[in-house]
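Each chain is listed here by its residues.
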Amino acid sequence: SEDDDHPNQPIGTPDEAFSTASRNRKAFRHLQEQRKQLPIARGRESLIRSIASNDVTIILGETGSGKTTQLPQYLLEGGSYHGQIAVTQPRRVAATSLAARVSAEQGQALGTLVGYSVRFDERVGLGTRIKYLTDGMLVREMMNDPLLTCYDVVIVDEAHERTLRTDIVLASLKRILALRNGNGVDSSAKGKAKANPLKVVIMSATLDAEKFSKFFESAPVLYVKGRQHPVSIYYTSSSQSDYLDAALRTFFQIHVDRPPGDVLIFLPGQDDIENLESSLRMYANQLPQNVPDVIICSLYASLPNGQQAKVFLPTPPDSRKCILATNIAETSITIPGVRYVIDSGKQKEKRHLARIAGSGFDTLLTTDITKSSATQRAGRAGREGHGYCFRLYTEEAFNSMIASVEPEVLRSSLTSVYLQLKVIGQDLDTMPFMDRPDQESVGSALRTLWLLDAIDDSRHLTDFGRSLAVFPLEPQYAATLLASVKHNCTAEVMSVVALLSSSSPLFPDTSSQRDKANEARTKFRHPSGDHWTMLNVFRAYDEVCASEGKSGRKDWCKHNFVNQRALREAWSIRAQLRGICERMDIDWSLSCGNEESPLLRSLLRGLLQHVALLQPDGTYKQVMGPSVVKIHPSSFLTDKRSPAIIYNELVYTTNIYARGVSAVYKSFIAEFPKLTGMRLS
Ligand code: ADP
Ligand code: MG
């Protein structure tokens, strides 16, 4: 379980659930039987043939038909490809869990023949031939290997999701195909033509194949028929204001009234999943004797490695599994045994609010899903027999949903990809995107990079910009890290940046026990604000780890109302950052002790765009944008009327709040001519 690892050990890995299986001959034979039964197996030969005779093949298929797990194995077993096969996934949990499954199907330990690579975590070896990786990691790999020469085949999976990184991969593949396969206009490529041709496969779960085919010069489209049984759909008669409560009630109605079959509940995010999980547990414990047990599992993007394996364990007799998932279970991961789906109709969506805050910021909003998602979610109930889908919204609400998702490139911050493209000599403005990002977002990314000195006045990448791109961090935090060398505080900055890059918050929302939580956390409080406070927590945790076992560490986190998951993740991120620093000859042990300014000045170097000055009325005005912001009530900053602040992010509710705030001296800001030139003088 999650709590079994010491934080400086690698986090538990998903192969653990399979390692026994792969040692066991009978289980292995059973896996091979399962493989043969998958719907895609009948199309094996024609898939191999189409891929052999075309540069690009588009594959469209029902979720669960075996595309993601089987196709790479067919290509490997077919013997025509000697380089590696890449399979991209939008989400890290999908990449790690699929790699574990396919490893087991090959009867090999994870990280040998089959491996994965996701941000801050990798399991590959010299002999790795099939590699599941996030689309973001493939973009990263292009910085060192612009033509992706180590791959013979690149499979872009879940292309219908149209994530920002998927779109960049698609646009880049177009260029790489021209160069490696010599079928483009680039004459310099003729000599090398076909020496090491690349095969591209685009896989999608929805009916948008034509658009991909058109983008790749009329590439052929193959259809994989799935096994889909009918699904009965129920709507609510009126709209539900509280989808968690509605989900809870619907689950127990199913559980008490309906025949066996597992239940899959779609929720927007991790918070909702954790909330519903605790109420489900509470009520499940009070069920009468004659009602079957409830087994609750969850599945979301930042679920610690190893835990996703639980959802695949067979449901014991006389019990019902209840899986709480985000839209990761829509198409990326198919869970067997599901017969009932409860659909909240909501999802979390990343939005870049370029217009609201001037400089632009990313925010996660809970939004209505699309029709296409609703259809996919319902479909998950009908894989093994007649299914039932309970939509927690009205039929009218369904009818007014938009048809399909807007590509992420049209709604997210482009700063970090702009920089990555610069490193491979490409320009965001001239990439052959399937959908062009708007000028406002491109402009905002350019401004941020210029402010950081990552590009110069004529938009050329600087040496500093090149160093920023080496770190798997937002460019802002990479700049902070590099600045720490000058200020002699790399050890401190690394901890703070690792915590800021973790996918869970250090201080979870504890509304029910707010007073107790505040009291417990007070001992970490640093008057300068949230960054030093975070560092204090991390330092205290480091000490606890040195002296306590796993249960001591867990208790400590509980008593202090800090999120152990965030700390554990930060431990592993920090270890990775140290490795990168070593390779770049940066001394990560430089420490400023308890001297306050070095850390704040380093942070300021990265957060130049997030500086705000006190106004006479007690609000703050952005230096690099038009917005007036307030300090978030959760901030530890003591003097709420400090003349100048830096912040990590803005959250937009009834006001615009700055979250993750520290006070800085105006004299620090004066050191940055780009800031002073614009507003301060
Ligand atoms: P597709 O990509 O077409 O949606 P997949 O290749 O992902 O289909 O899945 C094929 C089958 O493999 C499904 O029945 C799924 O339940 C099963 N499967 C995938 N991953 C795992 C796993 N980690 N454990 C057990 N079964 C799995
Ligand atoms: Mg798939």
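Residues numbered from 1 in each chain as written. Chains lettered and ligands numbered in written order. Predicted model: local features only at pLDDT ≥ 70, side-chain atom pairs only at ≥ 80, totals over all residues.

The name that an unreviewed UniProt entry assigns to the chain is RNA helicase, with the source organism given as Russula ochroleuca. Looking at the Sequence similarities (unreviewed entry) heading of the UniProt record, one finds this comment for the chain: "Belongs to the DEAD box helicase family. DEAH subfamily." For the chain, the Catalytic activity (unreviewed entry) comment in UniProt is given as "ATP + H2O = ADP + phosphate + H(+)". (UniProt positions renumbered as here; feature names shortened; annotations may be inferred.)

As for the site of ligand 1
Close contacts around ligand 1 come from 17 residues, with Lys67, Thr68, Thr69, Arg101 and Phe312 the closest. For the shell around ligand 1, the class distribution of residues is 5 nonpolar, 10 polar and 2 charged. (Near = placed C-beta within 6 Å. Nonpolar A, V, L, I, M, F, W, Y, C, P; charged D, E, K, R; others polar.)

Some remarks on the sheet that holds strand S19 (residues 628-631)
Spatially, 5 strands are ordered S17-S18-S19-S21-S20 in a closed barrel, and the strand pairing comes out mixed. Pairs of neighbouring strands in the sheet enclose a mean axial angle of 50°, with direction left out of account. (Pairing = 2+ DSSP bridges. Helix = DSSP H or I, 4+ residues; strand = E, 2+ residues; numbered from the N terminus. Axes fitted to C-alpha atoms, helices over the stretch in contact; angles between N-to-C directions.)

Examining the sheet that holds strand S7 (residues 199-204)
Taken together, 8 strands build an open sheet; the order of strands is S4-S3-S5-S2-S6-S7-S1-S8 and the sheet is mixed. The sheet is open, and its two borders are formed by strand S4 (121-123) and strand S8 (221-224), each paired with just one other strand. Strand-to-strand twist across the sheet, computed as the mean angle between neighbouring axes with direction ignored, equals 20°. Pairing of strand S3 (residues 114-118) with strand S5 (residues 130-134), which is carried by 4 bridges, proceeds in the parallel orientation. If you follow Tyr116 over to S5, its bridge partner there is Tyr132. Packing against the sheet, helix H4 (residues 67-78) makes contact with strand S1 (56-61), strand S2 (84-89), S5, strand S6 (151-156), S7 and S8, and its axis sits at approximately 170° to S2. (Contact = placed C-beta atoms within 7 Å.)

Here's the deal with the confidence of the model for the chain
The share of residues in the chain with pLDDT of 70 or more is 91%, and the mean pLDDT across the chain is 89. Low pLDDT, under 50, characterises residues 184-193; the predicted model gives this stretch 14 contacts beyond four residues in sequence or across chains. Below a pLDDT of 50 lies the segment residues 354-360, which in the model reaches 22 contacts outside its immediate sequence neighbourhood of four places, other chains included. Confidence metrics for the complex model read pTM 0.83 and ipTM 0.98. (pLDDT = per-residue confidence, 0-100.)

Describing helix H16 (residues 463-470)
Among the residues of H16, Gly465, Leu468 and Ala469 are the ones counted as buried. The buried residues of H16 occupy an angular sector of 95° when the element is viewed end-on, so they sit on one face. Those residues of H16 hidden inside the fold are in contact with helix H6 (135-144), helix H14 (415-423), helix H15 (439-451) and helix H17 (475-486). (Buried ≥ 20, exposed ≤ 12 C-beta atoms within 10 Å, placed from the backbone. Arc of directions from axis to C-beta.)

Here we look at unusual backbone geometry
Positive phi values are uncommon outside glycine, yet Phe120 reaches one of about 70°. Among the structural elements, Phe120 can be located in the loop between S3 and S4. Looking at Phe120, the number of C-beta atoms within 10 Å reads 19, which means it is partly exposed. You will see that Asp585, though not glycine, has its phi angle at about 65°, which is positive. Inspection of the secondary structure assignment puts Asp585 in the loop between helix H22 (564-583) and helix H23 (597-606). Judged by the 6 C-beta atoms lying within 10 Å of it, Asp585 is exposed.

A look at the packing of H17 against H23
At a minimum axis distance of 7 Å, the contact between H17 and H23 shows a crossing angle of 140°. Taken as axis vectors, H17 and H23 run oblique relative to one another. Handedness of the H17/H23 crossing: right-handed. Two secondary-structure elements touch here, H17 through Gln476, Tyr477, Ala479, Thr480, Ala483 and Ser484 and H23 through Ser602, Leu603, Arg605 and Gly606. Taken together, the residues of the contact of H17 with H23 break down into 4 nonpolar, 5 polar and 1 charged. (Parallel < 35°, antiparallel > 145°, perpendicular 65-115°, else oblique. Left-handed = near helix turned anticlockwise from the far one by under 90°.)

Description of the environment of Val470
For Val470, the position within the fold is in helix H16. For Val470 and Gln420, which are 50 residues apart along the polypeptide, the C-alpha to C-alpha distance reads 9.1 Å. For Val470, the contacting residues outside a window of four places in its chain are Ile580 and Met584.

Details of the nonpolar core
Most often, soluble globular proteins keep nonpolar side chains buried together rather than apart. Of all hydrophobic cores here, the largest spans 164 residues; its most connected members are Val154, Ile155, Ile265, Leu299 and Ile645. The residues touching Ile645, leaving out its near neighbours within four places in the chain, are Ala612, Tyr620, Ala658, Val661, Ser662, Ala663 and Val664. (Core = buried A, V, L, I, M, F, W, Y, C linked by C-beta atoms within 7 Å.)

Some points on the packing of helix H3 (residues 44-53) against H4
In the contact formed by H3 and H4, the axes pass within 10 Å of each other and the chain directions differ by 75°. Taken together, the axis directions place H3 and H4 in an arrangement best described as roughly perpendicular. Of the residues in H4, those in contact with Arg44, Leu47, Ile48 and Ile51 of H3 are Leu71, Tyr74, Leu75 and Gly78.

Things to note about the pairing of S19
Only one face of S19 is covered, namely the one carrying Val629 and Ile631; the face carrying Val628 and Lys630 has none of its residues buried. Here strand S18 (residues 620-622) runs beside S19; their pairing, made up of 2 bridges, is antiparallel. Bridging from a neighbouring strand, Tyr620 pairs with Val629 of S19. As consecutive antiparallel partners, S18 and S19 are separated by 5 residues.

What about the environment of Gly64?
Secondary-structure assignment places Gly64 in the loop between S1 and H4. It is 5.6 Å that separates the C-alpha atoms of Gly64 and Thr334, two residues lying 270 residues apart in sequence. The contacts of Gly64, once residues within four sequence positions are left out, are Gly226, Thr334 and Arg383.

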